[in-house]
Structure formats: structure tokens, C-alpha cells
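# A structural walkthrough
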Amino acid sequence: QHLKKYFTIGTDLFGHPTQYLKAVDDVSFDIPQGTTMGLVGESGCGKTTIGRTILRLHELTDGKVLFNGQDLAKLSKRKLRNLRPQIQIIFQDPYSSLSPRLTVGSIIGEAVSAHNIVPKSALKEYVLRVMKDCGLQPHYYERYPHEFSGGQRQRICIARAIALRPRFIVCDEPVSALDVSIQAQIINLLKDLQDKYDYTYLFISHDLSVVEHISDAVGVMYLGNMVEYGANEDIFNNPLHPYTKALFSAVPMPDPTVKMKRVILQGDLPSPANPPKGCKFCTRCPECMEICKTQAPEFKEITEGHKVACHLYK
Ligand code: SF4
């Protein structure tokens, strides 16, 4: 709720902050249990910062992160540590996120023993069961990450995350570093695990076709703000915000009979350290009006559950 994450980028002689980069500026959303929310936008829009701030890998500047009613921002380090197994993250790069010195069995088992998820005597059997859930062969237990392809390594990362019996998982571009042929396998694995264990996902990606495939709801980010939010069908069948329309029009259509008007954005993405006044999208928006240059639009509900921040919608 009203999540803000500002980074200090300038200080005065005494070290007091004088300039901020508003990476996430007043963003609110809910993710019901057992569902997936996709978060999309260009690089630098704040989507990864949201994921990391929720996990408290970054400290919040302001706002609340409610997990089953508890505000994660207010929890002491000890309480957060106890809750940590329930909130996990899968990173983009399966090459750098696995220790080359540990076997697959140790990578998955290490955190399980640290958090006493199962007794020591049952650890190997438990790890093998988790590996099976993630499509990893039992004989991989004694092998090292460098012996595997990117897809298999991402399965190991997923196994490490789910071994802690999480409720909520931030998936931060989990298939972006993989070949297209492997991406579908990993997405389907995440969906199968969700069906089986009722996981809740925040799925961060710049790939709209992947987000369409996996998400129940979608949030579109631009320069630190959420500019559109809605159910998957609403966003993909009836995008409202000019930025969402431009993003979608850039996706190649597999069906040549479907025609979508191409929206060409003007200019580059402005610096998040010095965003435009009024609507932050006004410097690139093909429908920009006078009011847009001075007044930031409210983020409001246009139809049930479908919100947009744009002066075109009253
Ligand atoms: Fe474009 Fe104005 Fe809407 Fe911003 S508020 S997206 S500039 S029409």
C-alpha cells in the first residue's frame, strides 16, 4: 500500500540528502492467495525495485507491505527471519545465483536445514522429493551447477525456493536469460507448482507474451508509477493507457489476420532522476494534452477492477 522507494543521488556538504531518484512512487496493489500478478514495463520503470522492496532487500522509504495482515516493513529482524522461508525470490540469472562449489543437493538442502524445515535424518529424502517436483533427476543430487544448462539451473533455483515451503514467490524475470524453447517449460513448471501448492506469485517481466500466459492480473509500470492495472483479459483485450497500447503494439502478432494499430513512441525514456512534470509519460505520449503537462493524472478505477492513470478517462 502506497509503496515508495527513493534512492538518494545527491547530498549537501553535511551529507544531508538533496536529490532523490524516485524508483517507486506511491504504488498500491493486492495479490490474492494462489494467483499471479504480472508486473511489466521497460527497464528502469521500478518493477524490480518493487519486488526487492517487498522482500526488504531494499528498505522502504514509505508505505506498507502487508503479508497475511502483517506489515513486513515493521517487523524486527528476528521476526522477519522467521517469516523469510514463506517469502522467496527466483532471480533472472540462474548462472550467477548458484554457488559453483556446492552440489545440487547441498544448494537445496542448506536453507532447509538452516530453517529446520525437516529433521536432519529426513533431509535427503525431502530434497529428492522437491527435486522430483521440479523435474530434476535423483542422480543430479551429487552434481554441480556448472554441469547443467540454463533451464536445468533455473529448475534448481526454483527447487531451492520451494524447498522452504513458501507462500509467496517473487519471480524476477525468471525466464529472460533462457532460450525461447526452454522458457515455456519453466513457465509451465511454475504454473504446475502453483496448482499443486497454491503459491502466490509476483511475476516481473518485460516480455508481454510470457506475462499474458501466466498472470491473473497485470500492472503496467512507467517511471516509478503504476499507470494501468487490471485482470489479464482487461489489460490484454482492452488496454486503456497510451503507454500500455504502445507496449502491446510493439509485440509481433502470431496471427496475420489480427491487425493492431502500431503506436510509435516519441523520444527516449526520460531520466527517473529528473522526470517530466505533470503526467510522466507526456514527453512521449501521442495523445498528450495541455493539462497533461502540468497535472499528474489520478490512478482511478474506470470499470470494475480496471484502473488507469490518464486524463483521457474521466
Ligand atoms: Fe498521455 Fe495525457 Fe494520458 Fe499522460 S495523461 S498518458 S500524457 S493522455
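The preceding data block contains the structure.
Quantities reported herein were computed from a predicted structural model and do not represent experimental measurements. (Residues numbered from 1 in each chain as written. Predicted model: local features only at pLDDT ≥ 70, side-chain atom pairs only at ≥ 80, totals over all residues. Heavy atoms only, no water.)

### Side note on helix H6 (residues 180-197)
Spelled out, the test is: Each helix is a run of H or I in the DSSP string that is no shorter than four residues. Each strand is a run of E no shorter than two, and both are numbered from the N terminus. A helix is expected to span 1.5 Å multiplied by its residue count minus one. Exposure categories follow from relative accessible area, calculated using a 1.4 Å probe and restricted to protein chains: below 20% of the type maximum is buried, above 50% is exposed, and the middle band is partly exposed. Each direction from the helix axis to a C-beta atom contributes to the arc, which is the arc of those directions.
Counted at 1.5 Å a residue, the expected span for H6 with its 18 residues is 26 Å, and the 26 Å between its end C-alpha atoms agrees. Buried within H6 we find Gln183, Ile186, Ile187, Leu189, Leu190, Leu193 and Gln194. Buried residues of H6 fall within an arc of 155° about the axis and therefore sit on the same side. Exposed positions of H6 whose direction lies more than 90 degrees from the buried face are Ser181, Asp195 and Lys196. Backbone geometry just after H6 places Asp198 at a positive phi near 60°.

### Overview of the site of the ligand
The criterion, for reference: Whether a residue is near a molecule or strand depends on its heavy atoms: it is near if one of them lies within 4 Å of it. Amino acids are sorted into nonpolar (Ala, Val, Leu, Ile, Met, Phe, Trp, Tyr, Cys and Pro), charged (Asp, Glu, Lys and Arg) and polar (every other residue, Gly among them).
The environment of the ligand is made up of 13 residues, and the closest members are Cys279, Cys285, Cys292, Cys310 and His311. Split by residue class, the shell around the ligand holds 10 nonpolar, two polar and one charged.

### As for the packing of aromatic side chains
This is how it is decided: By convention, a stacked pair of Phe, Tyr or Trp rings (six-membered ring in the case of Trp) has centres within 6.5 Å and planes under 30 degrees apart, an edge-to-face pair has planes over 60 apart, and any other such pair is tilted. In this scheme, Lys NZ or Arg CZ marks a charge over a ring once it lies within 6 Å of the ring centre and within 35 degrees of the ring normal.
Taken as a whole and judged by the stated rule, the model has eight aromatic pairs. Considering the side-chain rings of Tyr199 and Tyr201, the 6.3 Å spacing of their centres and the 50° angle between planes classify their relative orientation as tilted. Note on Tyr199: relative accessible area 3%, which makes it buried. Grouped by ring-pair contacts, the aromatic residues Tyr197, Tyr199 and Tyr201 constitute a single cluster. For the cation-ring pair, Lys124 lies above Tyr141, with the distance from its terminal atom to the ring centre recorded as 4.8 Å.

### Quick word on helix H4 (residues 123-133)
We apply this condition: Note on contacts: a residue pair is in contact if any heavy atoms of the two residues lie within 4.5 Å.
Within H4, the full set of buried residues consists of Leu123, Tyr126, Val127, Val130 and Met131. For H4, the arc enclosing every buried residue in end-on projection is 140°, short of the 170-degree limit, so these residues lie on one face. Summarising the geometry of H4, the exposed residues directed more than 90 degrees from the buried face are Glu125 and Lys132. Buried residues along H4 sit in contact with helix H3 (104-114) and helix H5 (150-162). At the C-terminal side of H4, Gly135 shows a positive phi close to 75°.

### Some thoughts on the sheet that holds strand E10 (residues 225-231)
Put simply, the rule is: Being paired, for any two strands, means DSSP has found at least two bridges between them. For helices, the fitted axis covers only the stretch in contact; all axes are lines through C-alpha atoms, and the angles between them, taken along N-to-C directions, range from 0 to 180 degrees.
Across the sheet, which stays open at both edges, the eight strands sit in the order E6-E7-E8-E3-E9-E10-E12-E11 with mixed pairing between neighbours. Unpaired on one side and paired on the other, strand E6 (87-90) and strand E11 (299-303) mark the two borders of the sheet. Here the strands of the sheet are splayed against their neighbours by 20° on average, with no regard to which way each runs. Note that E10 and strand E12 (residues 306-309) share two bridges and pair antiparallel. What sits directly across from Glu228, in E12, is Val308. Here H6 sits on the sheet in contact with strand E3 (36-40), E6, strand E7 (168-172) and strand E8 (200-204), set at roughly 160° to E8.

### Examining the side chain of Gln183
What counts is decided by this rule: By the criterion applied in these results, polar contacts are pairs of N or O atoms within 3.5 Å in which, for protein atoms, one can donate a hydrogen and the other can accept it, and in which residues neighboring in sequence qualify only through two side-chain atoms.
Locating Gln183 in the fold gives a position in helix H6. What makes Gln183 buried here is its relative accessible area of 12%. At a separation of 3.3 Å, a polar atom in the side chain of Gln183 contacts the main-chain carbonyl oxygen of Leu178. Residue contacts for Gln183: discarding those within four places in its chain leaves Val175, Leu178, Asp207 and Val210.

### Here we look at the environment of Asn232
One can find Asn232 in helix H8 (residues 232-237). With 194 residues separating them in the primary sequence, Asn232 and Gly38 have C-alpha atoms 8.7 Å apart. The residues touching Asn232, leaving out its near neighbours within four places in the chain, are Val211, Glu212, Ser215, Asp216, Ala217 and Val218. Within the structure, Asn232 has its side chain in polar contact with the backbone oxygen of Glu212 (distance 2.9 Å).

### Some points on the packing of H5 against H6
This is how the line gets drawn: The labels follow the angle: roughly parallel below 35 degrees, roughly antiparallel above 145, roughly perpendicular from 65 to 115, and oblique for the rest. With the far helix as reference, a near helix turned anticlockwise by less than a right angle produces a left-handed crossing, and one turned clockwise produces a right-handed crossing.
As a packed pair, H5 and H6 sit with axes 10 Å apart at the nearest point and diverge in direction by 20°. The pairing of H5 with H6 is recorded here as roughly parallel in orientation. In this structure, the crossing between H5 and H6 has a hand that is right-handed. Between H5 and H6, the residues in contact are Gly151, Gln154, Arg155, Ile158 and Ile162 and Ile182, Gln185, Ile186, Leu189, Leu190 and Leu193, respectively.

### Quick notes on the environment of Tyr243
You can see Tyr243 is positioned in helix H9 (residues 242-249). Taking C-alpha positions, Tyr243 is 24 Å from Val175, a pair spaced 68 residues apart along the chain. Setting aside residues no more than four positions away along its own chain, Tyr243 makes contact with Gly41, Glu42, Val220, Met221, Tyr222, Val227, Leu265 and Phe281. Within the structure, the side chain of Tyr243 is placed 2.9 Å from the side chain of Glu42, a separation counted as a polar contact.

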